[in-house]
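Residue-level structural notes
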Amino acid sequence: MSDTLFMASTRAQPPKSRKSTAKDLAEKKPRGTRVPLHRERIESEALALIEAQGLDAFTTRKLGERLGCEAMSIYYHFPSKAHLLDALVDRLLGALSVPPKDHAPAQRLRALVQSWRTMARQYPRFYLWMALHRWNSATGVGFMAEVLDCFYDAGLEAEGAARGFRALGYYVLGATLDETSGYAQGPSSLDPMSEADVQQQHPLVYQAGQYFVPTEFDRTFALGLGVLLQGLKVENVH
């Protein structure tokens, strides 16, 4: 009897359960054909979700549903939603095509601007955030240095290069925001003038309208960029 009681008292007890941590969830083996979770996949799916639903509707919970994991798994790779958004900015900045330094300064600037504009068009909803995000990460400062280097190579001194950088930023950011989510997609008057009334009362505005359509964006953008680069003496007037 005493032996039986002794054996019962020393019998192995089931281990106490503990709360799963973010690391546990992230390293949990996937079931079936679930794709492994890693930073690059999280970033790609986050961009896709933002473009599908907008940044205001973006949450780590929804991202987890899209990835087939718990939101806590995402936090193992990115401590917060803000860290993830920062990573997306760096991801897009780092993916921009940088032209060789032996190209002419104006040619380099045009290539950088075109790469930026293409990115803005590809990710218009995230671009609303990115356009106003400071370039103060290592990736951002590196891109800023690349643009400034073009102005220095064109012969501008420190002040001229800085002002040129800012002027180019004003133009490019304003133009890309307008093209991707600006005037054409903005709110309209509740009582807009009819096309016929505009044509009759404001013929100059009516005539200009044919050049305001998206198919004319490229030509208008090229015109403005040329004026800017020539005015900054980065590009010669032909």
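The numbering scheme is per chain: residues are counted from 1 as the chain's sequence reads. In view of the model being predicted, local features appear only for residues whose pLDDT reaches at least 70, and side-chain atom pairs are presented and counted only at 80 or more, with totals across whole chains, interfaces and linings using the full set of residues. The side-chain quantities take in all heavy atoms of the structure and omit both hydrogens and water.

On a plain count of helices and strands, the chain comes out with 13 helices and zero strands. Reading the helices (α) and strands (β) of the chain from amino to carboxyl end gives α-α-α-α-α-α-α-α-α-α-α-α-α. Categorising residues by exposure relies on relative accessible area from a 1.4 Å probe, with only protein chains included: less than 20% of the type maximum marks a residue as buried, more than 50% marks it as exposed, and the intermediate range marks it as partly exposed. Scored against the burial criterion, the 238 residues of the chain give a buried share of 32%. Partitioning the contacts of the chain with sequence separation of at least 6, the portion at a separation of at least 24 is 68%. For every accessible area listed, the method is Shrake-Rupley and the probe measures 1.4 Å; residues are considered covered only by the protein chains on display. When the accessible surface of the chain is split by element, carbon and sulfur atoms take 56% of a total near 15800 Å². Secondary structure elements follow DSSP: runs of H or I of four or more residues count as helices, runs of E of two or more count as strands, with numbering from the N terminus. Contact criterion: two residues are considered in contact whenever any of their non-hydrogen atoms come within 4.5 Å of each other.

Bringing unusual backbone geometry into the picture now. The backbone phi angle of Lys233 is positive, close to 65 degrees, even though this residue is not glycine. In this fold, Lys233 is placed in the segment after helix H13 (217-231).

Quick look at helix H7 (residues 105-122) now. One fewer than the residue count of a helix, multiplied by 1.5 Å, yields its expected span. With 18 residues, H7 should reach 26 Å at 1.5 Å per residue; the first-to-last C-alpha distance of 26 Å fits that figure. Next to the buried residues of H7 lie helix H6 (81-95), helix H8 (124-130), helix H9 (138-153), helix H10 (158-181) and H13.

Attention shifts here to the packing of H7 against H9. To get an axis, a line is fitted to the C-alpha atoms, and for a helix only the part in contact is used. The angle between two axes follows their N-to-C directions and goes from 0 to 180 degrees. As a packed pair, H7 and H9 sit with axes 8 Å apart at the nearest point and diverge in direction by 150 degrees. It follows that H7 is roughly antiparallel to H9 by the angle criterion. Where H7 crosses over H9, the two elements pack in a sense that is left-handed. Here H7 contributes Pro105, Arg108, Leu109, Leu112 and Trp116 to the contact with H9, which in turn contributes Phe143, Glu146, Val147, Asp149, Cys150, Phe151 and Asp153. In this scheme, roughly parallel covers angles under 35 degrees and roughly antiparallel covers those over 145, while 65 to 115 is roughly perpendicular and the rest are oblique. Here a crossing is taken to be left-handed if its near helix is turned anticlockwise relative to the far helix by less than a right angle, and right-handed if that turn runs clockwise.

The next point concerns the confidence of the model for the chain. Of all residues in the chain, 84% have pLDDT values of 70 or greater, and the mean over the chain is 87. Each residue carries a pLDDT score, the predictor's confidence in it, ranging from 0 to 100. The model gives residues 1-12 a pLDDT under 50, and that stretch makes zero contacts with residues more than four places away or in other chains. Within the model, the stretch residues 22-30 combines pLDDT values under 50 with 14 contacts to residues more than four positions away or in other chains.

Our next topic: the pattern of salt bridges. What counts as a salt bridge is simple: a side-chain nitrogen of Lys or Arg found within 4 Å of a carboxyl oxygen of Asp or Glu. Under the counting rule described, the total for this entry stands at 15 salt bridges. If you follow the salt bridges from partner to partner, you end up with Lys101, Arg108, Glu146, Asp149 and Asp153 in one network.

A word on the packing of aromatic side chains. Any pair of Phe, Tyr and Trp rings, taking the six-membered ring for Trp, is counted once the centres come within 6.5 Å. Such a pair is stacked with planes under 30 degrees apart, edge-to-face with planes over 60 apart, and tilted for the rest. Per the stated rule, a full pass over the model turns up six aromatic pairs. An angle of 75 degrees between the planes, with centres 5.2 Å apart, marks the rings of Trp135 and Phe143 as edge-to-face. Seen from their ring centres, Trp135 and Phe165 are 6.0 Å apart, and the 85 degrees between their planes marks the pair as edge-to-face. Taken together, the residues Trp135 in the loop between H8 and H9 and Phe165 in helix H10 connect sequence positions 30 residues apart. A relative accessible area of 16% places Phe165 in the buried class.

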